[in-house]
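Okay, here's what each chain looks like letter by letter:
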Amino acid sequence: MNPSAPDAGHTRPASLLARAPWKAIAIIALAGVALRGILLWLVLPLDIQSDEANYLYLALVKERLGIYLDQHRYFWPPGYPWLLSKSIHAFGIDGLNVLRGLQVALSSVIGVTTMLFAWRLFSRRAAIVAGVLWAVDLPLGAYTHFLWTETIFLSLLLPALWHFVRAMDRADEGSDREATLRLLLSGVLFGLALYIKEYVLFLVPLLAVVLALRSRSEGLGEALRRASLPVLAVAVVTLPWTLRNHEVYGRTVIGGATLGENVYVGLNARSMNFDVLPLRKRRADLGLPQIDTLARSWFTEIPAGWTPEDRDGNGEVEIRDAGWDREFESIHAIDRHSSQLREGLAFAVEHPAWTLRTRLKKWSELVTPLSFFTRHQAMAMYPEGSVVAGAMRGPLVLLALAISTLTMVLGAAGYFLTLQRGPGRAVFTVLIGYVVLTSLLVAMSRFRVPLEPILVVLTAGWLAHGPRDRSRPRVIGLAATLLVLVGLWWISWPETVAAAQMALGVTQ
């Protein structure tokens with residue numbers, strides 16, 4: 001079989017992995033790491049913002065008191081605060097930058113896996129294109145100098161997905177032993193990822209179902225055996241933390257518990273998008289109208305019949321921030337999440353029309369071309385006088401906006417017209433659907449990050465090979481996707497433009 005041919009339902013023999021362009025992959029990975037290292041050097045010293053402060057608080061409590069706390073509103077997995085606490089313990093305040101440096105180094109795992117996927121699904125040429133795209137992917141690369149979990153999470157998630165796909169390959173080739181080992185390794189990596197973010201908790205069972213369906217020709221017993229392997233591996237890896245949580249809270253919690261707070265944010269009268277919400281103070285200081293006043297009201301306005309109120313007694317009528325309030329009566333963190341889940345679902349059922357139109361807004365916020373890099377620029381978070389905030393500000397912001405936009409458009413083209421049937425397409429489809437569905441609750445550009453490397457792979461496939469399948473269903477699927485994408489961009493266009501202007505330094 002031609003090792004440059006795209007995946008068409010067949011798989012590459014394991015020996016062909018030796019033909020992967022390892023030298024080019026290594027050179028591009030090193031170049032991408034170097035670019036991220038230079039970017040880190042240019043943006044220091046860098047202040048912390050939003051959840052970065054919460055991670056730092058948890059790390060300091062762990063380092064000074066030896067305990068791990070919930071955040072009252074959130075109960076995050078312990079992995080990232082643990083790493084931060086160890087770094088602070090060893091290096092003091094410089095530990096923040098040491099962790100940033102570790103993230104720069106770990107980004108190489110993301111780059112290499114991205115290129116391997118492009119090679120596996122398309123060709124050697126596509127792998128090189130994917131590597132170049134990853135190296136200059138500023139929205140993704142900027143997470144290496146933020147104190148958010150994304151870089152470390154992706155350095156576990158992508159290899160987990162890679163080994164899952166390779167396990168399906170080897171099973172198709174009849175190498176059951178290697179398939180078993182790779183499924184177990186995939187599950188271990190998924191389990192470790194759950195210590196960083198609980199995001200993949202329901203992704204693993206979905207992938208297991210896909211694996212079972214693809215293995216059904218070998219009998220029900222074998223299909224169930226294979227499907228259970230990654231799930232059981234996840235259970236084993238996360239068991240110590242799960243038992244700890246049961247001892248502390250009396251509840252079974254795998255990873256973390258954030259659903260209740262996300263329900264409060266996502267199923268409530270007030271529209272909250274954290275790509276633009278933190279810009280409020282900066283816009284007030286600049287004398288600019290608040291972004292929420294620019295939004296298309298049909299997608300953000302409160303449910304019909306909701307009553308404005310004079311909250312301060314000063315005669316100025318304001319709309320309440322929320323249709324329902326947080327649970328504050330119970331001191332039990334996990335039970336509060338359950339209570340808020342019930343409140344949110346009841347509110348959504350009570351206002352079905354509002355729920356449907358605001359879900360469109362959530363999807364619009366998922367596909368915004370904004371990023372946390374542009375948000376930092378808009379908030380003037382980068383050091384004044386630095387190249388990033390000065391001479392290169394405009395080009396870098398435009399690059400970030402362009403990369404996000406092009407990878408979504410060309411990634412869609414690559415998915416529908418270039419990517420052929422096979423294990424890779426099945427896994428990518430599940431991941432895309434998972435991200436889209438989970439974003440119905442709460443969304444922002446950060447929640448698109450698990451898809452960023454996948455979009456790079458699909459974009460590379462399109463750029464390297466163009467359309468490989470112009471069948472009517474695929475063409476219609478691409479046309480419909482692009483039409484929906486444009487419509488979703490239109491929904492949040494006023495806020496996107498306002499935030500982009502701030503990021504570019506335009507404040508008129």
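Scroll up to find the structure this text is about.
A brief report on the enclosed structure follows. In this text the structure is predicted, and so the values were computed from the model without any measurement.

### Overview of the pattern of salt bridges
- Taken as a whole and judged by the stated rule, the model has 23 salt bridges.
- Of the charged contacts, one joins aspartate 172 and arginine 214 as a salt bridge, the two residues approaching to 2.9 Å between their closest N and O atoms. A residue pair is termed long-range when its members are at least 10 positions apart, and aspartate 172 in helix H7 (residues 150-173) and arginine 214 in helix H9 (residues 203-214) qualify at 42 residues.
- With a relative accessible area of 40%, aspartate 172 lands in the partly exposed category.
- For arginine 214, a relative accessible area of 33% corresponds to the partly exposed category.
- Overlapping salt bridges, with partners in common, bring together Asp176, Glu218, Glu222, Arg225 and Arg226 in one network.

### Focus on the nonpolar core
- With 144 residues, the main nonpolar core has Leu161 and Phe373 as its most contacted residues.
- Counting residues per element, this core draws most heavily on H7, at 13 residues.
- What leucine 161 contacts, discounting residues up to four positions off in sequence, is Phe117, Phe190, Leu207, Val427 and Leu431.

### Side note on the packing of aromatic side chains
- A complete count under the given rule lists 21 aromatic pairs for this structure.
- Judged by centre distance (6.1 Å) and plane angle (20°), the ring pair of phenylalanine 75 and tryptophan 241 falls under stacked. Of this pair, phenylalanine 75 sits in the loop between helix H2 (51-65) and helix H3 (79-91) while tryptophan 241 sits in helix H10 (residues 220-249), placing them 166 residues apart in sequence. Comparing phenylalanine 75 with tryptophan 241 shows no difference in burial state: the two are buried.
- Among the aromatic residues, ring-to-ring pairing joins Tyr55, Tyr74, Trp76 and Tyr80 into one connected group.
- When the ring centre of tryptophan 134 is taken as reference, the NZ or CZ atom of arginine 36 above it lies at 4.2 Å.
- It is lysine 197 that lies over the ring of phenylalanine 153; its NZ or CZ is 5.9 Å from the centre.

### As for the side chain of asparagine 245
- Here asparagine 245 lies in helix H10.
- Judged by its relative accessible area of 0%, asparagine 245 is buried.
- Sequence-distant contacts of asparagine 245, that is, excluding residues within four places in its chain, are made with Phe75, Gly250, Arg251, Val253 and Gly255.

Quick notes on the rules
- Residues numbered from 1 in each chain as written.
- Predicted model: local features only at pLDDT ≥ 70, side-chain atom pairs only at ≥ 80, totals over all residues.
- Heavy atoms only, no water.
- Salt bridge = Lys/Arg side-chain N within 4 Å of Asp/Glu carboxyl O.
- Helix = DSSP H or I, 4+ residues; strand = E, 2+ residues; numbered from the N terminus.
- Buried < 20%, exposed > 50% of the residue type's maximum accessible area, 1.4 Å probe, protein only.
- Core = buried A, V, L, I, M, F, W, Y, C linked by side-chain atoms within 4.5 Å.
- Contact = heavy atoms within 4.5 Å.
- Phe/Tyr/Trp six-rings, centres within 6.5 Å; stacked < 30°, edge-to-face > 60°.
- Lys NZ or Arg CZ within 6 Å of the ring centre and 35° of its normal.

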